[in-house]
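# A look at the structure
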Amino acid sequence: MAKAVSPDAISFILANPCPDSSSDLPEIIVQVLDLKPTGNTYMFMASDGKMKVRALLQSALSSEVTSGNIQNLGLIRVLDYTLNNIPTKNEKFLIVSKCEAVSPALEAEYKAEVKTEGSGIVLKPKQEMDVESEVRSEAKGIVLKPKEEVVAKSAAQIVHEQHGNMAPAARMAMTRRIHPLVSLNPYQGIWTIKVRVTSKGNMRTYKNARGEGCVFNVELTDEDGTQIQATMFNEAARKFFDKFQMGKVYYISKGTLKVANKQFKTVQNDYEMTLNENSEVEEARNEATFIPETKFKFIPIDELGPYVNGRELVDVIGVVQSVSPTMSIRRKINNETIPKRDITIADETKKTVVVSLWNDLATSIGQELLDMADKSPVVAIKSLKVGDFQGVSLSALSKSIVVVNPDTPEAKKLRSWYDSEGKDTDLAAIGSGLSLSTQSGTRSMYSDSLPSSYHQQPIPGRGQGTICTVAPYMFHKFGSRKLLNSSQNPVFFCIKAYISYIKPDQAMWYRACKTCNKKVTEAVGSGYWCEGCQKNEDNCSLRYIMAVKVSDASGEAYLSVFNEQAEKIIGCSADELNDLKSQDGDSAYQAKLKEATWVRHLFRVSVTPHEYNNEKKQRITIRAVSPIDYATESKYLIEEISKMRVSK
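Residues numbered from 1 in each chain as written. Predicted model: local features only at pLDDT ≥ 70, side-chain atom pairs only at ≥ 80, totals over all residues. Heavy atoms only, no water.

What follows covers the overall build of the protein. When its secondary structure is counted, the protein shows 13 helices and 34 strands. Looking at the protein as a whole, 44% of its 648 residues are labelled buried. Residue pairs in contact within the protein that sit at least 24 positions apart in sequence constitute 62% of those at least 6 positions apart. (Helix = DSSP H or I, 4+ residues; strand = E, 2+ residues; numbered from the N terminus. Buried < 20%, exposed > 50% of the residue type's maximum accessible area, 1.4 Å probe, protein only. Contact = heavy atoms within 4.5 Å.)

Written as structure tokens, this is what we have:
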């Protein structure tokens, strides 16, 4: 196997830091040494037995390592690469963007023997020789250096004569190598990319300590489907805002890269790009363009919990369970009416989630899904926002991409599962299945904690609190804590408490459309009218919307409860409770409510600021409810006690 290492492979790489085409490369087989993870990628030393260079596998190749194809001491064939200078360390860095495994791990590091001509003296390279070292013959004093890249002048003149009169974009394409986005990194010097604008933001203004300015960003996608976000400020923003047009293809160079801020990034890339007024952007005209391949990074449905109300967008894949008719939704900000359609999908985690499609997605792809809903198609959706409606929900954006029955391994695996067992399996909504532990990957009911600025006194556990310690910033009547700012997102936490009172004469439920669950009104003549579905139905269903008082040893508070959580508390549906009241009378009805009191639950609760009659208030809502799991509770308390011991 050792003979499979290409002689002088590292020398060739040093002499050709940026090859024009991967198809012109000779066979480059190197040994992988000191393989170790770094973030989402893997670093190693590439060796040909005589020389070594520090190297990095792009994140797209990480799966080759985790699957065991690429191993430490194993051999790989380098199919495409870029060699970068690291100015701060005065060394070279090899970025491997495409490779394949040749051999599993060898027994030891391969070392080539170097013979000088006519002397018969064998020179063995030092184990830690780097790319800047020289191989010297002790007998002859011969210095062997990597050969430098030589470009024949006549060839350069020919290229200049052939392409000198071309348009700038075409000239850029012919005279520079196009780098895939996956190969870019902050240490790279000169590069040119060919990308399509797949999303363009609005021009925004800002004001900070350094003054006022403007900024906008675009999302760029290359031919392989890799995405990156590019941001422009001030002069660059004004220069390129009109130049960048949605859907068009551009050559871009002279930009800079930095590690992406995870709080604000909207694409799956470790880096983000900044373009300044000296950056070059040329539209690719009069040449074949490309349609970027859509790349997905799927999140299982039962792992969506941690993304609720976050900035990070997710990709999902699932089997369509139901598709609603198109509904008309009126926007509060401008009173505009837009179409909406909800689809429910399921995956191998045996969980379902509702995905809301808007505008063209609702009327085009949504209608296509409705027409084939009886066939349970597989749908892959990119760039969805995760909300907390009904616990966990997904909503499409203007840049979301929906692919029906994609030809991917994930889709084939999901289809096989559904046809063999999934269609006969009991599926549960992810919002109603929030667990007490994190083993299933969902948001734990022990993981939500109050912001430190709201802690009046220590709250037992990292995510639990008593009513008296969390109530001061829920209800202004306590007066000792500022209310949440009206612009803040909901705050989540957990309490263990008893249902102490359910008022029997409150409005316990509302009449709901069986299709979209929105409120219906009695239609003229007969039936019920749904404004959302824009149609009459002969029947409707009842859904809970009520308030309950909860108590613990420290105090009490009223919480709002909606249908799914109320059914768990009451023990029956709103239709069943209404039938009990109408058939057996108020005494049976009140007895049923009384059965639900003085039962201890673990509640996951959200606190949302709102304004009523010009008075700022807080709305507290039960988002999930579970009975106390004493085994999990005990493990949790032991874990907290251990932390207290360590801190002391």
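Attention now moves to the environment of Ala553. Tracing the chain through its elements places Ala553 in the loop between strand E31 (541-552) and strand E32 (555-562). We classify Ala553 as exposed; its relative accessible area is 91%. Residues Ala553 and Tyr498, spaced 55 residues apart in sequence, show a C-alpha to C-alpha distance of 9.6 Å.

Attention now goes to the pattern of salt bridges. Enumeration over the complete set of coordinates arrives at 19 salt bridges. Where Glu595 meets Lys592, a salt bridge forms, and the shortest distance between an N and an O atom there is 3.9 Å. Of the two residues, Glu595 and Lys592 are both situated in helix H12 (residues 586-595); the distance of three residues between them amounts to about one turn of the helix. What makes Glu595 exposed here is its relative accessible area of 57%. Salt bridges sharing partners connect three or more residues here, namely Glu27, Arg77 and Glu100. (Salt bridge = Lys/Arg side-chain N within 4 Å of Asp/Glu carboxyl O.)

Quick look at the confidence of the model for the protein now. The share of residues in the protein with pLDDT of 70 or more is 77%, and the mean pLDDT across the chain is 78. Across residues 447-463 the pLDDT falls below 50, and counting only partners more than four positions away or on other chains, this stretch makes 47 contacts in the model. (pLDDT = per-residue confidence, 0-100.)

Right, let's get into the pairing of E31. For E31, a buried count of ten out of twelve residues is recorded, marking the element as mostly surrounded by other parts of the structure. Relative to E31, strand E27 (residues 509-512) runs antiparallel, the two sharing four bridges. Considered in E31, the bridge of Ala512 is made with Ser541. As paired elements, E31 and E32 share eight bridges and run antiparallel to each other. Residue pairing in the sheet places Met546 in a bridge with Val561 of E32. (Pairing = 2+ DSSP bridges.)

On to the packing of aromatic side chains, then. Overall, the coordinates contain seven aromatic pairs when judged by the stated rule. Pairing Phe244 with Tyr250 gives two aromatic rings, centres 5.2 Å apart and planes at 70 degrees, and the pair type is edge-to-face. Owing to a relative accessible area of 0%, Phe244 belongs among the buried residues under this scheme. With centroids separated by 6.2 Å and ring planes inclined at 50 degrees, the aromatic side chains of Tyr498 and Trp598 adopt a geometry described as tilted. Residue Tyr498 is located in strand E26 (residues 491-501), and its partner Trp598 is located in the loop between H12 and strand E33 (600-612); the two are separated by 100 residues in the primary sequence. Its relative accessible area of 58% is what places Trp598 among the exposed residues. Following the ring pairs from residue to residue traces out a cluster consisting of Phe240, Phe244 and Tyr250. One Lys or Arg, Lys382, reaches over the ring of Phe296 and ends 6.0 Å from the middle of that ring. The ring of Tyr589 is capped by Lys581, whose NZ or CZ atom sits 4.6 Å from the centre of that ring. (Phe/Tyr/Trp six-rings, centres within 6.5 Å; stacked < 30°, edge-to-face > 60°. Lys NZ or Arg CZ within 6 Å of the ring centre and 35° of its normal.)

Turning to a negative patch on the surface, a few remarks are in order. Taken together, Glu567, Asp575, Glu576 and Asp579 make up a surface patch of like negative charges. Take the negative patch: its biggest share by element is three residues, from helix H11 (residues 574-584). Looking at where Asp575 falls in the secondary structure, it is placed in helix H11. The exposure class assigned to Asp575 is partly exposed, which follows from its relative accessible area of 30%. (Patch = residues over 30% accessible without salt bridge, like charges linked within 9 Å, V, L, I, M, F, W, Y side chains within 5 Å. Areas by Shrake-Rupley, 256 points an atom, 1.4 Å probe, with all protein chains shown as cover. Lys, Arg positive; Asp, Glu negative; His and termini not counted. Charge placed at Lys NZ, Arg CZ, Asp CG, Glu CD.)

Mapped onto the fold, Glu567 is located in helix H10 (residues 563-570). Between the alpha carbons of Glu567 and Tyr544 there is a distance of 7.8 Å; along the sequence they are 23 residues apart. Among all residues touching Glu567, those that are not within four sequence positions of it are Tyr544, Cys572 and Ser573.

Glancing now at a nonpolar patch on the surface. Residues Leu637, Ile641 and Met644 make up a contiguous nonpolar surface patch of about 270 Å² in total accessible area. By the element assignment, Ile641 lies in helix H13 (residues 630-647). Classification of Ile641 as partly exposed rests on a relative accessible area of 41%.

Once that is clear, we can look at the sheet that holds strand E28 (residues 520-522). Read across the open sheet, the three strands follow the order E28-E29-E30; overall the sheet is antiparallel. Unpaired on one side and paired on the other, E28 and strand E30 (535-537) mark the two borders of the sheet. Pairs of neighbouring strands in the sheet enclose a mean axial angle of 35 degrees, with direction left out of account. Of the strand pairs in this sheet, strand E29 (residues 528-530) and E30 are connected by three bridges, and their pairing is antiparallel. The residue of E30 that forms the bridge with Tyr528 is Glu537. (Axes fitted to C-alpha atoms, helices over the stretch in contact; angles between N-to-C directions.)

We now examine unusual backbone geometry. The phi dihedral of Asp34 falls on the positive side, at around 55 degrees, and the residue is not glycine. Inspection of the secondary structure puts Asp34 in strand E1 (residues 29-38). Phi angles above zero are rare outside glycine, and Asn405 is one such case at about 50 degrees. Among the structural elements, Asn405 can be located in the loop between strand E23 (393-404) and helix H8 (409-420). What makes Asn405 partly exposed here is its relative accessible area of 41%.

With respect to the element layout, Asp48 can be found in the loop between strand E2 (41-47) and strand E3 (52-57). It is Lys50 that comes nearest to the buried, bridge-free Asp48 among opposite-charge side chains, at 5.8 Å. Among the polar contacts made by the side chain of Asp48, one reaches the main-chain amide nitrogen of Lys50 at a distance of 2.9 Å. Setting aside its immediate chain neighbours within four residues, Asp48 contacts Val5, Ser6, Asp8, Ala9, Ile10, Ser11, Tyr110 and Ala112. (Polar contact = N/O pair within 3.5 Å; in protein donor to acceptor, adjacent residues only side chain to side chain.)

Let's shift gears to the environment of Val182. Of note, Val182 is situated in the loop between helix H4 (168-175) and strand E10 (192-200). Leave out the neighbours within four places in its chain, and Val182 touches Gln58, Ala60, Ser97, Asp222 and Thr226.

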